[in-house]
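Take a look at the letters that make up each chain.
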Amino acid sequence: MTCQSPIVVALDYPTIEQATAMAKRLDPALCRVKVGKELFTKVGPAILDQLHTLGFDVFLDLKFHDIPNTVAAAVSVAAKEGVWMVNVHASGGRRMMEASANALSAIQDNKTLLIAVTVLTSMDQSDLLEVGIDLTPQEHVMRLAALAKQSGMDGVVCSAQESSMLAQKLGSDFVLVTPGIRPVGAEQGDQKRIMTPTEAMSAGSHYLVMGRPITRAQDPIQALMSANNELGVVI
């Protein structure tokens, strides 16, 4: 069954046992799942096989950033592993992103989405200044997102606070993936630029990454169903 929900649950666990245990408490009809650096570094492609067997679409969130040939090869391997989405850092530049996009277009019947990370949602203007970027987060996001689209990316990772701006400037078909999503009443954690699910979708986001509000809930499937109900998703 194709997932109709925009929710992507972050499986931020250190072991394959913990990640698959949580996945089994969820439902691939109600969400997709995200595998990040800690889990993938620990267990490798085995976690992708496990999650695919359980029926989940997988967002491989490794944020590749290296020379063009290296990143192009990495995203090509990810696509051949059958992941639904993979990402690179837009700050890697045009040549790196173009090489990655070309690598995926060379794969017959490729269905993997290739997106670029703009500004991490844990960063604010003071963080950008410390690394020599004298722009607001919104200005830097716009610059990187426009470059990503020009370079052949399917979309970008951005804060939901930038979704409306990007949708207006880059078109509604340019995929916007937004972490830092917190339901009303949830703890903010280490995210600085956040929104509720309904606010994010109204702003133009396509996919919403949610971790702790679901995975640390007493009843994860109930938390997931509540989030989908809030969004008006009918499964």
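Residues numbered from 1 in each chain as written. Predicted model: local features only at pLDDT ≥ 70, side-chain atom pairs only at ≥ 80, totals over all residues. Heavy atoms only, no water.

Per an unreviewed UniProt entry, the protein chain goes by the name Orotidine 5'-phosphate decarboxylase and belongs to Marinomonas piezotolerans. Listed in UniProt under the heading Catalytic activity (unreviewed entry), the comment for the protein chain reads: "orotidine 5'-phosphate + H(+) = UMP + CO2". Under the UniProt heading Function (unreviewed entry), the entry covering the protein chain gives this text: "Catalyzes the decarboxylation of orotidine 5'-monophosphate (OMP) to uridine 5'-monophosphate (UMP)." (UniProt positions renumbered as here; feature names shortened; annotations may be inferred.)

### Quick look at the packing of aromatic side chains
Note on aromatic pairs: each is described by the distance of the centres and the angle between the planes. Scanning the entire structure with this criterion turns up 1 aromatic pair. Across the ring face of Trp-84, the terminal group of Arg-32 is positioned such that the distance to the ring centre comes to 4.6 Å. (Phe/Tyr/Trp six-rings, centres within 6.5 Å; stacked < 30°, edge-to-face > 60°. Lys NZ or Arg CZ within 6 Å of the ring centre and 35° of its normal.)

### A closer look at unusual backbone geometry
A positive phi angle is found at Lys-63, which is not glycine, with a value near 50°. Relative to the helices and strands, Lys-63 is located in strand E3 (residues 58–64). Even without being a glycine, Asp-109 presents a positive backbone phi close to 55°. Locating Asp-109 in the fold gives a position in the loop between helix H5 (94–105) and strand E5 (113–117). (Helix = DSSP H or I, 4+ residues; strand = E, 2+ residues; numbered from the N terminus.)

### So, the pattern of salt bridges
Within this structure, the stated rule accounts for 4 salt bridges. When the shortest N-O distance is used, the salt bridge between Lys-34 and Asp-12 registers 4.0 Å. Here Lys-34, found in strand E2 (residues 32–35), pairs with Asp-12, found in the loop between strand E1 (7–10) and helix H1 (16–25); they are 22 residues apart in sequence, far enough to count as distant. Classification of Asp-12 as exposed rests on a relative accessible area of 51%. (Salt bridge = Lys/Arg side-chain N within 4 Å of Asp/Glu carboxyl O. Buried < 20%, exposed > 50% of the residue type's maximum accessible area, 1.4 Å probe, protein only.)

### Some points on the side chain of Ser-163
Checked against the element boundaries, Ser-163 lands in helix H8 (residues 163–170). Ignoring any residue separated from it by four or fewer positions in sequence, one finds Ser-163 in contact with Cys-158, Leu-176, Thr-178, Ala-203, Gly-204 and Ser-205. (Contact = heavy atoms within 4.5 Å.)

### What about the UniProt feature "active site" (unreviewed entry) in the protein chain?
As recorded in UniProt, the sites labelled "active site" (unreviewed entry) are Asp-61, Lys-63 and Asp-66. Within the secondary structure, Asp-61 sits in strand E3. For Asp-61, a relative accessible area of 7% translates into the label buried. In this view, Asp-61 contacts Lys-34, Val-35, Gly-36, Lys-37 and Asn-87; residues no more than four positions away in its chain are not counted. A distance of 2.8 Å separates a polar atom in the side chain of Asp-61 from a polar atom in the side chain of Lys-34. Those residues in contact with Lys-63 that sit more than four places away from it in its chain are Lys-37, Asn-87, Val-88, His-89, Val-117 and Leu-120. (Polar contact = N/O pair within 3.5 Å; in protein donor to acceptor, adjacent residues only side chain to side chain.)

### Observations concerning helix H4 (residues 68–80)
Between its first and last C-alpha, H4 extends 18 Å over 13 residues, near the 18 Å set by a 1.5 Å rise per residue. Taken together, the buried positions of H4 are occupied by Pro-68, Val-71, Ala-72, Val-75, Ser-76, Ala-78 and Ala-79. Viewed end-on, H4 has its buried residues packed into an arc of 160°, placing them on one side of the element. When the buried face of H4 is taken as reference, the exposed residues oriented beyond 90 degrees from it are Asn-69 and Lys-80. Contacts from the buried residues of H4 go to E3, strand E4 (85–89), H5 and E5. (Expected span 1.5 Å × (residues − 1). Arc of directions from axis to C-beta.)

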